[in-house]
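Take a look at the letters that make up each chain.
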Amino acid sequence: MKRKFFVLALISLVILSICAACAKAEQGAPGSKVVNIGYFPNLTHMATIVALEEGYFTEAFGEDITINTKTVSNGGLFMEAMATKSIDVGTVGPGPVLNFYVRDPNYHIISGAVNGGAVLIASEDSNVNELADLDRKRVAIPGIGGTQDIMLRKALKDVGLKPTANGGTVEMFAAAPADTATLFIQKSLDAAAIPEPWGYILETQANGKLLLDWESFAWGKESPNTVVAASKNFLENDKLVKAYLTAHVKAVEFIEQNPEESQNLVIKHIKELTGKEINKAEVAFKRLKVTTSVNDEVIQEMADISKEAGYIPSSDIEGLIQLDQLKFIEGK
């Protein structure tokens, strides 16, 4: 009996040793960390894409940091991933960030990324020629409560319309941007409020017509389409925050100085992720502006619209935007 107990104990010890070794291997070398970066396969996330393609994140974080990436199709999924800690930091629309922040102030905007970059496209059979024609029509948005949702609500309000969910006549339908061309061809949609390059694809591959360009959709050139968001846990490590923002700022500067090369990098990256070919997308690239600036007045107005829609109980977003680290890096 003692011998049997000894053998069982020895086997258990070996198994525990193997498990410990596996756990150590998964965690990496002592002192190393993992950073989970999230983004969308859209042009409006080009700062993140360029930083990945050019190795800026790897350079800034150093060899001791393991970088994981996660792509999602809308801001709600991004914030849910951040809430479950599968995303620590990344680019997302300000709408979902502020919606989550009001209920749980553990998420913050730490930089701008892209202004503009979203358009409103009508299908050729919709008989929609101007914004007011969306009355009793079906319009796609990437996600309920997302940035294009809020932008569309503002545009509709300007012409006296509102969504069916709030007693109006415009049906808002959530659909992944990469799927909208198929829905246009199937005549399942009348229009789409959509980020680039998918708006350009609707025009060129699904006979869509441009209803509102990025300069006239919602807040126009001041529309903060994409920002850098980070969880509170991530922000507690100043070294990691500095590394991310250093790479982000470098990517923004690279895009500004090398627009054609940046376009090629982004087109290649999106094709690898989605299988969608984007040809001659210069028009789409001209519909956005990379930036690190954050327009807090517009984001506050977004919060007010989100509250009116019933997405959040309050539009108080004081403390949401934290730019101290960014200003330090940029020397401001």
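Scroll up a little and you will see the structure.
Please read all numbers here as calculations on a predicted model, not as lab measurements.

Chemist: Lay out the overall build of the chain in plain terms, naming residues and giving numbers.
Modeler: Of the regular secondary structure elements, the chain holds 14 helices and eleven strands. Residue burial in the chain is summarised as follows: out of 332 residues, 51% are buried. Contacts in the chain between residues far apart in sequence, at least 24 positions, make up 79% of those at least 6 positions apart.

Chemist: Quick one: what's the story with the sheet that holds strand β10 (residues 224-231), residue by residue and with numbers?
Modeler: Sheet architecture is open: six strands sit in the order β2-β1-β3-β10-β4-β11, paired in mixed fashion. Both outer strands of the open sheet, β2 (65-71) and β11 (288-290), are each paired with one neighbouring strand and no more. Geometrically, the sheet is characterised by an average inter-axis angle of 25° between neighbouring strands, direction not taken into account. When strand β1 (residues 33-39) meets β2, the two strands line up parallel, connected through seven bridges. The residue of β2 that forms the bridge with Val34 is Thr66. The strands touched by helix α2 (residues 46-53) within the sheet are β1, β2, β3 (89-92) and β11, with β1 carrying the most contacts at an inclination of about 135°.

Chemist: I'd like to hear about the sheet that holds strand β6 (residues 138-141), residue by residue, with values.
Modeler: Judged by pairing direction, the sheet is mixed, and its five strands sit side by side in the order β7-β6-β8-β5-β9 without closing on themselves. Strand pairing shows two members of the sheet lacking a second neighbour, β7 (171-174) and β9 (209-212), which therefore form its edges. Across the sheet, the axes of successive neighbouring strands diverge by a mean angle of 30°, strand direction being ignored. Sheet analysis places strand β5 (residues 118-122) next to β9, joined by three bridges and oriented antiparallel. Bridged to Ala122 within β9 is Lys209. Its contacts with the sheet put helix α8 (residues 198-205) on β5, β8 (191-195) and β9, and the angle it makes with β8 is roughly 135°.

Chemist: Could you give an account of the environment of Asp133, with specific residues and numbers?
Modeler: Following the sequence through the fold, Asp133 ends up in the loop between β5 and β6. Those residues in contact with Asp133 that lie beyond four places of it in its chain are Asn127 and Val128. Polar side-chain contacts of Asp133 include one of 2.9 Å to the backbone nitrogen of Asn129.

Chemist: How would you summarise empty space enclosed by the protein if you had to cite specific residues and measurements?
Modeler: Enumeration over the complete set of coordinates arrives at one cavity of 30 Å³ or more. Of the volumes computed, that of the largest cavity is approximately 140 Å³. Elements supplying a minimum of two residues to the lining of the largest cavity: α6 (147-158) and β10. A per-element tally of the lining of the largest cavity places α6 first, with three residues. Of the residues that constitute the lining of the largest cavity, the class distribution is four nonpolar, 13 polar and one charged.

Chemist: Explain the pairing of β8 to me, using residue names and the numbers behind them.
Modeler: Taken across its five residues, β8 has five buried, putting it largely inside the fold. Side chains Ala191, Ala193 and Pro195 project from β8 onto one buried face, and the interleaved Ala192 and Ile194 project onto a second face that is buried too. Here β5 runs beside β8; their pairing, made up of five bridges, is antiparallel. Looking across to β8, one finds that Leu120 is bridged to Ala193.

Chemist: Can you explain helix α5 (residues 94-103)? Please cite residues and give values.
Modeler: Here α5 lies mainly inside the structure; eight of its ten residues are buried. If you check which residues of α5 are buried, you get Pro94, Gly95, Pro96, Val97, Leu98, Asn99, Tyr101 and Val102. On its buried face, α5 is in contact with α4 (75-83), β3, β4 (107-116), α6, β10 and α13 (296-308).

Chemist: Give me the lowdown on the environment of Gln300, citing residues and values where you can.
Modeler: On the secondary structure map, Gln300 appears in helix α13. Considering only alpha carbons, one finds Gln300 and Ile317, 17 residues apart in sequence, at a separation of 7.2 Å. If we skip the residues at most four places from it in the chain, Gln300 touches Ser315 and Ile317.

Chemist: Tell me what's going on with the nonpolar core, and back it up with residues and numbers.
Modeler: With 106 residues, the main nonpolar core has Phe61, Phe78, Val89, Leu120, Leu134 and Tyr244 as its most contacted residues. Excluding its chain neighbours within four sequence positions, the residues that come into contact with Tyr244 are Ile37, Thr48, Phe57, Phe61, Val89, Gly90, Thr91, Val228 and Phe234.

Chemist: Which residues make up the side chain of Thr180, and what values do they have?
Modeler: By secondary structure assignment, the location of Thr180 is in helix α7 (residues 180-185). Relative accessible area serves as the criterion here: at 2%, Thr180 is assigned to the buried category. One polar contact links the side chain of Thr180 to the main-chain carbonyl oxygen of Pro177, over a distance of 2.7 Å. For Thr180, the contacting residues outside a window of four places in its chain are Ala140, Ala175, Ile194 and Leu202.

Reading guide: rules and limits
- Residues numbered from 1 in each chain as written.
- Predicted model: local features only at pLDDT ≥ 70, side-chain atom pairs only at ≥ 80, totals over all residues.
- Heavy atoms only, no water.
- Helix = DSSP H or I, 4+ residues; strand = E, 2+ residues; numbered from the N terminus.
- Buried < 20%, exposed > 50% of the residue type's maximum accessible area, 1.4 Å probe, protein only.
- Contact = heavy atoms within 4.5 Å.
- Pairing = 2+ DSSP bridges.
- Axes fitted to C-alpha atoms, helices over the stretch in contact; angles between N-to-C directions.
- Polar contact = N/O pair within 3.5 Å; in protein donor to acceptor, adjacent residues only side chain to side chain.
- 1 Å grid on protein atoms, 1.4 Å probe; cavity = no way out; pocket = protein on both sides within 12 Å on 5 of 7 lines; lining within 4 Å.
- Points joined across faces, edges and corners; volume = space filled by probe spheres on them.
- Nonpolar A, V, L, I, M, F, W, Y, C, P; charged D, E, K, R; others polar.
- Core = buried A, V, L, I, M, F, W, Y, C linked by side-chain atoms within 4.5 Å.

Purely geometric numbers; function is a separate question.
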